[in-house]
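# Topology and contacts: notes
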Amino acid sequence: MSGVRRLGARWRRRRPLRTRLALAASAAVALVAVGVCAAAFFVIRYELLHQLDLSLTQSATRVVQENRGEGPQTVAGECRFLSAPACAQVVPADPAADPEAAYLLPVSAPVREVAAGTRAPYFSNVTRFGHSLRMLTTPFGDGRALQVALRADPVERGVRQAAVLLAAVGGAGVLLAGVLGYAVSRTGLAPVARLTSTAERIAATRDPRHRIELPPGPPGRQDEVTRLAASFNTMLGELEQSVSAQRRLVADASHELRTPLTALRTNAELLARADRLTPAQRERASGALGRQIREVTGLVNDLIELARDEEPLPLVEEVRIAELAEHTVAMARTHWPRLRFELEVGPGAAEAVRPGVPARLARLLTNLLDNAAKFSPPDAPVEVGLTSYGGGGGLELSVRDHGPGIAPEDLPYVFDRFYRAEAARALPGSGLGLAMARQIARAHGAELTASAAPGGGALFTVVFGGEGP
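Residues numbered from 1 in each chain as written. Predicted model: local features only at pLDDT ≥ 70, side-chain atom pairs only at ≥ 80, totals over all residues. Heavy atoms only, no water.

## Here we look at the overall build of the protein chain
The number of helices and strands found in the protein chain is 10 helices and 12 strands. Within the protein chain, the proportion of its 469 residues that are buried is 35%. Long-range pairs, those at least 24 residues apart, make up 64% of the contacts in the protein chain between residues at least 6 apart in sequence. (Helix = DSSP H or I, 4+ residues; strand = E, 2+ residues; numbered from the N terminus. Buried < 20%, exposed > 50% of the residue type's maximum accessible area, 1.4 Å probe, protein only. Contact = heavy atoms within 4.5 Å.)

## Focus on the pattern of salt bridges
Applying the stated criterion across every chain, the model contains 11 salt bridges. Among the ionic pairs, Arg442 bridges to Glu447, the shortest N-O distance being 3.5 Å. (Salt bridge = Lys/Arg side-chain N within 4 Å of Asp/Glu carboxyl O.)

## Thoughts on the side chain of Arg400
With respect to the helices, strands and loops of the structure, Arg400 is situated in strand β10 (residues 394-400). One buried charged residue, Arg400, remains without a salt bridge, the closest side chain of opposite sign being Glu383 at 4.5 Å. Here the side chain of Arg400 touches Pro454 through a polar contact of 2.6 Å, landing on its backbone oxygen. A distance of 3.1 Å separates a polar side-chain atom of Arg400 from the backbone oxygen of Gly456. Apart from the residues within four sequence positions on either side, Arg400 is in contact with Pro381, Val382, Glu383, Ala453, Pro454, Gly455, Gly456, Ala458 and Leu459. (Lys, Arg positive; Asp, Glu negative; His and termini not counted. Polar contact = N/O pair within 3.5 Å; in protein donor to acceptor, adjacent residues only side chain to side chain.)

## Examining the nonpolar core
Formed by 40 residues in total, the largest nonpolar core has its most connected members in Phe341, Leu368, Leu369, Val399, Leu448, Phe460 and Val462. When contributions to this core are tallied by element, the ones reaching two or more residues are α8 (321-335), α9 (358-375), β9 (381-389), β10, α10 (433-443), β11 (446-452) and β12 (458-464). With 8 residues, α9 is the largest single contributor of residues to this core. Beyond its immediate sequence surroundings of up to four residues, Phe460 is in contact with Leu368, Asn371, Leu397, Ser398, Val399, Ile406, Phe415, Leu434, Leu448, Thr449 and Ala450. By size, the runner-up hydrophobic cluster in this structure holds 15 residues, among which are Ala86, Leu136, Phe140 and Val155. (Core = buried A, V, L, I, M, F, W, Y, C linked by side-chain atoms within 4.5 Å.)

## With respect to helix α5 (residues 190-205)
Its 16 residues place the ends of α5 22 Å apart at the C-alpha level, agreeing with the 22 Å of an ideal helix rising 1.5 Å per residue. Buried within α5 we find Pro191, Leu195, Thr198 and Ile202. With its buried residues spanning 65° around the axis, α5 presents them on a single face. Exposed residues pointing more than 90 degrees away from the buried face of α5 are listed as Glu200, Ala203 and Ala204. (Expected span 1.5 Å × (residues − 1). Arc of directions from axis to C-beta.)

## A closer look at the side chain of Ser376
When you line up the elements, Ser376 lands in the loop between α9 and β9. A distance of 2.8 Å separates a polar atom in the side chain of Ser376 from the backbone oxygen of Ala372. Those residues in contact with Ser376, other than ones at most four positions away along the chain, are Leu339, Val382, Asp401 and His402.

## Topic: the packing of aromatic side chains
Applying the stated criterion across every chain yields a total of 2 aromatic pairs. On the numbers, 5.4 Å between centres and 70° between planes, the contact of Phe41 with Phe42 is edge-to-face. Taking relative accessible area as the criterion, Phe41 reaches 22% and is therefore assigned partly exposed. An angle of 85° between the planes, with centres 6.2 Å apart, marks the rings of Phe415 and Phe460 as edge-to-face. With Phe415 in the loop between β10 and α10 and Phe460 in strand β12, this residue pair connects regions lying 45 residues apart in the sequence. Of the residues examined, Phe460 reaches a relative accessible area of 3% and is grouped as buried. Above the ring of Tyr122, the side-chain terminus of Arg119 is found at 4.8 Å from the ring centroid. (Phe/Tyr/Trp six-rings, centres within 6.5 Å; stacked < 30°, edge-to-face > 60°. Lys NZ or Arg CZ within 6 Å of the ring centre and 35° of its normal.)

## Things to note about the sheet that holds β10
Spatially, the 5 strands line up as an open sheet ordered β7-β9-β10-β12-β11, and their pairing is mixed. Pairing within the sheet leaves two strands with one partner each, and these edge strands are β7 (340-345) and β11. Each neighbouring strand pair of the sheet contributes to a mean axis angle of 15°, computed without reference to strand direction. Note that β7 and β9 share 6 bridges and pair parallel. Across the sheet, the residue bridging to Val345 is Leu386, located in β9. Packing against the sheet, α10 makes contact with β11 and β12, and its axis sits at approximately 140° to β11. (Pairing = 2+ DSSP bridges. Axes fitted to C-alpha atoms, helices over the stretch in contact; angles between N-to-C directions.)

## Here's the deal with the packing of α8 against α9
Contact geometry for α8 and α9: axes closest at 10 Å, N-to-C directions at 45°. On the basis of their axis angle, the class for α8 and α9 is oblique. The hand of the α8/α9 crossing is right-handed. Touching Ile321, Leu324, Ala325, Thr328, Val329, Ala332 and His335 of α8 are Pro358, Leu361, Ala362, Leu365, Thr366, Leu369 and Asp370, all from α9. Of the residues contributing to the contact of α8 with α9, the split by class is 10 nonpolar, 3 polar and 1 charged. (Parallel < 35°, antiparallel > 145°, perpendicular 65-115°, else oblique. Left-handed = near helix turned anticlockwise from the far one by under 90°. Nonpolar A, V, L, I, M, F, W, Y, C, P; charged D, E, K, R; others polar.)

## Observations regarding α8
Each α-helix turn comprises 3.6 residues. Residues three or four places apart therefore point the same way. Here α8 is 15 residues long and its end C-alpha atoms lie 21 Å apart, about the 21 Å a rise of 1.5 Å per residue gives. Burial in α8 covers these residues: Ile321, Ala322, Leu324, Ala325, Thr328, Val329 and Ala332. Down the axis of α8, the smallest arc covering the buried residues is 155°, so these residues share one side. The inward-facing, buried residues of α8 contact β6 (317-320), β7, β8 (353-356), α9, β9 and β10.

## So, the pairing of β10
The element β10 is largely enclosed, with a buried count of 6 among its 7 residues. Where β9 and β10 come together, 7 bridges link them in antiparallel fashion. Within the sheet, the bridge partner assigned to Gly385 lies in β10 and is Ser398. Here 6 bridges tie β10 to β12, and the two strands are oriented antiparallel to one another. In the strand pairing of β12, Glu396 is matched with Val463.

## As for the packing of α9 against α10
Packing of α9 against α10 leaves a shortest axis separation of 9 Å and a crossing angle of 145°. Judged by the twist between their axes, the crossing of α9 over α10 is left-handed. Of α10, the residues touching α9 (which contributes Arg360, Leu361, Arg363, Leu364, Asn367, Leu368 and Asn371) are Gly433, Leu434, Met436, Ala437, Ile440 and Ala441. When grouped by side-chain class, the residues that make up the contact of α9 with α10 number 8 nonpolar, 3 polar and 2 charged.

Structure below.
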């Protein structure tokens, strides 16, 4: 039995879904058709036999009324003809009281029992005169039984004809079920076929711009397969954006790496001929080589961090934002000794905590401070503010400089990878710091925005919601 189940499961795995759905639908419809035909056959058979039995009962009643005082005898014997009345005979319980003439209908022990009153009336099928007869045996009174018989072959012929007709109808129903099952599977799985074709085309071309054509209709009244296709289109859109972003990242990274790598190769080739250089030239070439190595190393590290979309969950802890800001501002003062950094913590913000990775949050603020320091004049401060807002414990961290600010045409792109405004092209950096800062902020459930500060300069704001990520 288990072997049969394994064979069935193997067969199902090897057959396409369309074939299995068509077979299942066809089998269901065919089963209903065959069941209806079988039920109709039994109903017709029952009704025909019931009508014959009613005719026998009426004939028996008429014989009893017309021959109430007669003894054992054959009352009527012309039932061999279809148009003749029923055959009827009276049979005593005691065989010794039988008449000298032979009975037309068979007399058996149950007939004597009905005559004696020990058995209930019953119907039976017998054969006489070369034809099938339906016979009723019922009490006649005073120890006698009455047997009444009618030709049954017309009823049997009608039952056979009904069986043939219903079998033909059932066969036609099975064929129709097969056609309908194929049509249902073909129509119902058409979106799945399109989905499969699109997926295979994407796998072959590696182009996620393909989409599945959806049938017209309101979005809220789509069926399950159409919603699946719509979800697949959404996934393809996300994949296309991801692939496009990946390609842009590779193209931008290769462009940004080309210049420092060329300089590295030039300085390395220059140092390879160190015997032709003066000590001052060797020192300048060695220093330039070290700076370029650090620049390339920082760029590669930034790319690695940008490629990571999520923060390491095991390192998440409750971070006091005010303490982290104080530490990061102190480090910025050490790194930029010629600038003045001012930190102001508002009421209610000193004790505020947020779940996060301290090193990543520190990197976010460091990038903002470094960006502000690049554009700040020496006589103007970099202002860092931490305030709470609303009744839900919202927290806002802002960094403002007093430099030239952000041009309106550059504002939508300041967080794009490798984007550098015209005013920043001569400054050090790779154009990844702000993109990394926004990624870290979003990973911690915050939102980083940029705007023009009142009175000049740029203002970057990190808004933490009332609840952590």
